[in-house]
Amino acid sequence: MVFGRRSRQTARPDRVEDLREQVQRARAAADSAAAAARVAADEAETERGDDGASALPEAPTGRRSARYRVVVAAAVVACLGAGAVAVQTTLDHRATQQSVDADTRVLAFTEEAVARLLSTDTDNAEAYVERVLADSTGDWRTEFEQRKTATIDTMRQAGNRTAGRTLAAGIEGRENETTTALVSATAQTTPATADPAAAAPEPQIQQYQIRVGVTMVDDQPKLSSVGFVQ
Amino acid sequence: MSTAVDVKKEDLDIDSDLSPDDDATSAARRMAAVAVDVLPAVVVGVAGLALAAVSNFAVWGIAAAVVAIGGAILYVGWNSVVRRRRAGSTAGRTVLGSALDRTISRAERLALCAAPVVAVGALVAVQVGVQRADDVSISDARATTVQLASDGAAALLSYTPETVDEDLDRASGLLTGDLLNSYRQLAGDVVGPTAKDKGVTMQAVPVGASVESVAPDTARVLVYVNQTTTMAETPEPSQTQNVVRVTLSHVDGAWLISGFDPLF
């Protein structure tokens with residue numbers, strides 16, 4: 001302070017002009033700074049307006065919209081999760097339905113195939129063998145093919161006709177590609193009569209309890225094993 | 001003070017959103033806005049349709065689908081026509097802040113999230129509660145009824161002269177409906193007296209069982225039975241093979257035999 005006072009005293013005559021100049025320069029700088037600030041503020045305002053966020057007057061909006069974003073994300077995740085469960089359940093249900101349909105198909109085929117197997121004709125032994133072979137696959141086909149000649153001979157010698165009929169069939173189980181079915185069937189035997197005028201012979205009915213294995217070959221059911229239920 | 005900081009962050013976010021590529025960003029925003037407008041309605045509508053399909057187009061399923069799809073269409077229509085006319089923008093643009101108006105209520109914003117979740121949730125609930133429950137009960141029924149039919153056939157066809165009354169009484173515990181009455185009558189009037197008078201011993205051994213048909217509450221099982229009959233007069237036991245069609249019904253949570261018909 002002492003030094004200032006002293007210097008003011010000494011400097012006063014020629015420094016007054018300088019001081020005035022400095023003050024003016026400072027004022028001009030302040031003015032231009034204020035103007036720049038005003039422009040900047042305007043610009044900021046228009047930008048916000050364009051974007052529509054209008055965040056300035058409603059400061060808590062940021063936090064609220066962040067919270068809403070979390071809610072939306074949770075909803076999306078929940079929808080995707082539930083959608084995944086829905087798809088999985090649909091696939092499971094379809095698989096169950098397909099296995100029910102497959103069982104129905106196997107049973108329908110089994111009923112027909114067993115009836116064909118029990119329907120022999122002394123006059124058309126070869127056709128019978130061909131029919132049975134067409135229904136067969138795997139071990140059963142091999143087995144039947146080996147007995148083919150013997151079967152034809154026996155059938156010709158028997159001199160009769162049988163009419164096979166399936167009474168009932170059910171699914172016993174399924175292992176890998178093979179479904180096992182139990183079949184109850186009858187074969188009604190009619191001796192072939194040489195003389196049509198003769199009295200109709202008494203038909204005989206034989207019961208069969210059969211267990212068959214059915215395997216799909218090229219999406220067609222075939223008998224892969226045939227045996228009696230003991 | 002904190003308000004000022006928030007404002008600055010917000011401004012910075014907007015800057016960084018806009019600066020890389022204005023066109024791309026605004027296109028993405030527009031798409032997001034359309035997604036907000038359309039997706040919840042589409043999800044609700046599809047869930048309604050799926051619900052009808054799951055119910056096998058039962059009345060309640062179709063009703064649910066009509067409500068869901070109708071509601072979705074009404075909302076989309078109202079949102080894109082009425083609201084836009086009144087407020088100047090759709091819900092999507094408002095939610096994403098691409099419109100100036102903040103005319104969307106808190107309830108509506110939450111509903112836009114909740115409605116799809118509720119719709120898909122309802123679909124899954126019905127699928128698990130109805131579809132899967134049916135599937136499971138059918139596969140359970142398959143296993144249970146085969147065992148029960150085999151055991152039941154053995155019990156109904158096995159007795160000795162000394163214990164015939166108890167044997168048949170025990171077996172009748174497996175029966176229900178008309179069969180129970182006719183079996184009791186047959187056991188009391190014919191089978192019981194005959195077994196005692198002639199010293200009949202019957203022994204039935206199930207040798208196979210197969211499912212003819214099965215549903216959650218009814219099943220038909222074929223049981224193959226080897227029967228041995230011994231009578232006091234004839235020393236040689238006679239063997240027969242029999243097939244019985246056993247019908248089972250699911251009564252009060254338990255499977256009982258309601259039909260017992262020998263095939264031969």
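Conventions and cut-offs
- Residues numbered from 1 in each chain as written.
- Chains lettered and ligands numbered in written order.
- Predicted model: local features only at pLDDT ≥ 70, side-chain atom pairs only at ≥ 80, totals over all residues.
- Heavy atoms only, no water.
- Helix = DSSP H or I, 4+ residues; strand = E, 2+ residues; numbered from the N terminus.
- Buried < 20%, exposed > 50% of the residue type's maximum accessible area, 1.4 Å probe, protein only.
- Contact = heavy atoms within 4.5 Å.
- Areas by Shrake-Rupley, 256 points an atom, 1.4 Å probe, with all protein chains shown as cover.
- 1 Å grid on protein atoms, 1.4 Å probe; cavity = no way out; pocket = protein on both sides within 12 Å on 5 of 7 lines; lining within 4 Å.
- Points joined across faces, edges and corners; volume = space filled by probe spheres on them.
- Nonpolar A, V, L, I, M, F, W, Y, C, P; charged D, E, K, R; others polar.
- Polar contact = N/O pair within 3.5 Å; in protein donor to acceptor, adjacent residues only side chain to side chain.
- Disulfide = S-S within 2.5 Å.
- Core = buried A, V, L, I, M, F, W, Y, C linked by side-chain atoms within 4.5 Å.

### Structural notes on the overall build of chain A
(1) Moving on: Counting secondary structure elements, chain A contains five helices and four strands.
(2) Moving on: Scanning chain A from its N terminus toward the C terminus, one meets helices and strands in the order α-α-α-α-α-β-β-β-β.
(3) Moving on: Within chain A, buried positions represent 30% of all 230 residues.
(4) Moving on: Residue pairs in contact within chain A that sit at least 24 positions apart in sequence constitute 55% of those at least 6 positions apart.
(5) Moving on: Total accessible area on chain A stands at roughly 14800 Å², and carbon and sulfur atoms take up 53% of it.

### What about unusual backbone geometry?
All names here are of chain A.
(1) Moving on: A positive phi angle, close to 50°, is found at Asn176, a residue other than glycine.
(2) Moving on: Structurally, Asn176 can be placed in the loop between β1 (160–175) and β2 (178–191).
(3) Moving on: Residue Asp219 is not a glycine yet carries a positive backbone phi of 65°.
(4) Moving on: Along the chain, Asp219 falls in the loop between β3 (204–217) and β4 (220–228).

### So, the layout of surface pockets
Residue and element names in this part refer to chain A.
(1) Moving on: Within this model, the second largest pocket holds a volume of roughly 550 Å³.
(2) Moving on: Around the second largest pocket, the lining comprises 21 residues; the ones closest to its centre are Leu117, Leu118, Thr120, Tyr128 and Tyr208.
(3) Moving on: The set of elements that each furnish at least two residues to the lining of the second largest pocket consists of α4 (138–146), α5 (148–158), β1, β2, β3 and β4.
(4) Moving on: Counted by class, the lining of the second largest pocket contains twelve nonpolar, eight polar and one charged residues.

### Looking at the side chain of A:Thr179
Residue and element names in this part refer to chain A.
(1) Moving on: In this fold, Thr179 is placed in strand β2.
(2) Moving on: A distance of 3.3 Å separates the side chain of Thr179 from the side chain of Arg174, its partner in a polar contact.
(3) Moving on: Excluding its chain neighbours within four sequence positions, the residues that come into contact with Thr179 are Val106, Ile171, Gly173, Arg174, Val212, Gly213 and Val214.

### Let's talk about the state of the cysteines
(1) Moving on: Per the stated rule, a full pass over the model turns up zero disulfides over all chains.
(2) Moving on: Of all cysteine sulfurs in the structure, the one in B:Cys113 sits closest to A:Cys79, which takes part in no disulfide; the separation is 9.0 Å.

### Observations regarding the nonpolar core
(1) Moving on: With 33 residues, the main nonpolar core has B:Tyr159, B:Val223, B:Val246 and B:Phe260 as its most contacted residues.
(2) Moving on: Going through the elements one at a time, α5 (106–156), α6 (164–172), α7 (177–198), β1 (201–214), β2 (218–230), β3 (238–251) and β4 (254–262) of chain B are the ones with two or more residues in this core.
(3) Moving on: Residue contributions to this core peak at six residues, all from α7(B).
(4) Moving on: In this structure, A:Val106, A:Tyr128, A:Ile152 and A:Val214 belong to the second largest nonpolar core, which totals 26 residues.

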